[in-house]
Amino acid sequence: MVAEELFEVASGLPGVTDDEAFGPGVTVLKVEGKVFAVLGEERVTLKCEPGLAVHLRGQYAAVGPGYHMNKRHWITVVLDSTVPDEELREMVEHSWERVVAGMPRAARERLSLQRG
């Protein structure tokens, strides 16, 4: 999956906005103002449950600790086609879900209803 396709997946989730807060060429995707993905041309950084992060790092050479993020709660995935597209979609959705889970109840319920 290339960055443009990953952007389409992430931006299609409820409540998502994007900007280039870190400069040109780096898209920051947020849900309700909270970052859940940082997307560059060759990599994406995503929030991840710590146990799953360890598992994914062991399963795929393209998955490493979050670049410039908390290494326990974030992963960076190199977009080199070694991670299957469906797995990448699941990682993006998991990141969105992790961020939403930390929101107030009203926001969680509203976003869950929008997601269906």
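About the thresholds
- All residue numbers here refer to positions counted from 1 along the written sequence of the relevant chain.
- pLDDT decides what is reported in this predicted model: residues at 70 or higher carry local features, side-chain atom pairs at 80 or more are listed and counted, and totals for whole chains, interfaces and linings draw on all residues regardless.
- In computing side-chain values, all of the structure's heavy atoms are included and hydrogens and water are not.
- Numbering of helices and strands starts at the N terminus; helices are DSSP runs of H or I of at least 4 residues and strands are runs of E of at least 2.
- Two residues qualify as a contact provided that any one of their heavy atoms is within 4.5 Å of a heavy atom in the partner residue.
- For the exposure calls, accessible area comes from a 1.4 Å probe over protein chains only, and a residue counts as buried if that area is under 20% of its type's maximum, exposed if over 50%, partly exposed in between.
- Between any two strands, pairing holds if DSSP finds at least two bridges.
- Geometry of aromatic contacts follows a simple scheme: Phe, Tyr and Trp rings, the Trp one being its six-membered ring, pair when their centres are within 6.5 Å, and the pair is stacked under 30 degrees between planes, edge-to-face over 60, tilted otherwise.
- Note on criteria: charge over ring means Lys NZ or Arg CZ within 6 Å of the ring centre, with the direction from the centre no more than 35 degrees off the ring normal.
- Grid spacing is 1 Å over the protein atoms alone, the probe is 1.4 Å, and a cavity is where that probe fits but cannot get out, while a pocket is an open set with protein on both sides within 12 Å along at least five of seven lines and lining residues have an atom within 4 Å of a point.
- Grid points are joined across faces, edges and corners, and a volume is the space filled by probe spheres set on the points.

(A) Quick peek at the environment of Arg108. Position of Arg108 relative to the elements: it lies in helix H4 (residues 105-115). As a C-alpha pair, Arg108 and Glu97 span eleven residues in sequence and 9.3 Å in three-dimensional space. When residues no more than four places from it in sequence are discounted, the contact partners of Arg108 are Val100, Ala101 and Met103.

(B) Summary view of the pairing of strand E2 (residues 27-31). Here E2 lies mainly inside the structure; five of its five residues are buried. Along E2, one buried face is formed by Thr27, Leu29 and Val31 and the opposite face, lined by Val28 and Lys30, is buried too. Sheet analysis places strand E1 (residues 16-19) next to E2, joined by four bridges and oriented antiparallel. Looking at the pairing, Asp18 lines up with Leu29 of E2. As defined by bridge partners, E2 adjoins strand E3 (residues 34-39) across five bridges and the pair is classed as antiparallel. Looking at the pairing, Val31 lines up with Lys34 of E3.

(C) Summary view of the packing of aromatic side chains. Inspection of the entire model under this criterion finds zero aromatic pairs. Sitting over the ring of Tyr67, Arg43 keeps its end group 5.7 Å from the ring centre.

(D) Seen up close, empty space enclosed by the protein. Taken as a whole and assessed by the stated rule, the structure comprises one cavity of 30 Å³ or more. Looking at the largest cavity, its volume works out to about 30 Å³. Secondary structure elements with two or more residues in the lining of the largest cavity: helix H1 (3-11), E3 and strand E4 (43-47). Top contributing element to the lining of the largest cavity by residue count: H1, with three residues.

(E) Fine view of unusual backbone geometry. Here the phi dihedral of Glu32 falls at roughly 55 degrees; this positive angle occurs in a residue that is not glycine. Relative to the helices and strands, Glu32 is located in the loop between E2 and E3. Here Ser81, not a glycine, exhibits a phi torsion of approximately 75 degrees, which is positive. Positionally, Ser81 belongs in the loop between strand E6 (74-78) and helix H3 (85-101).

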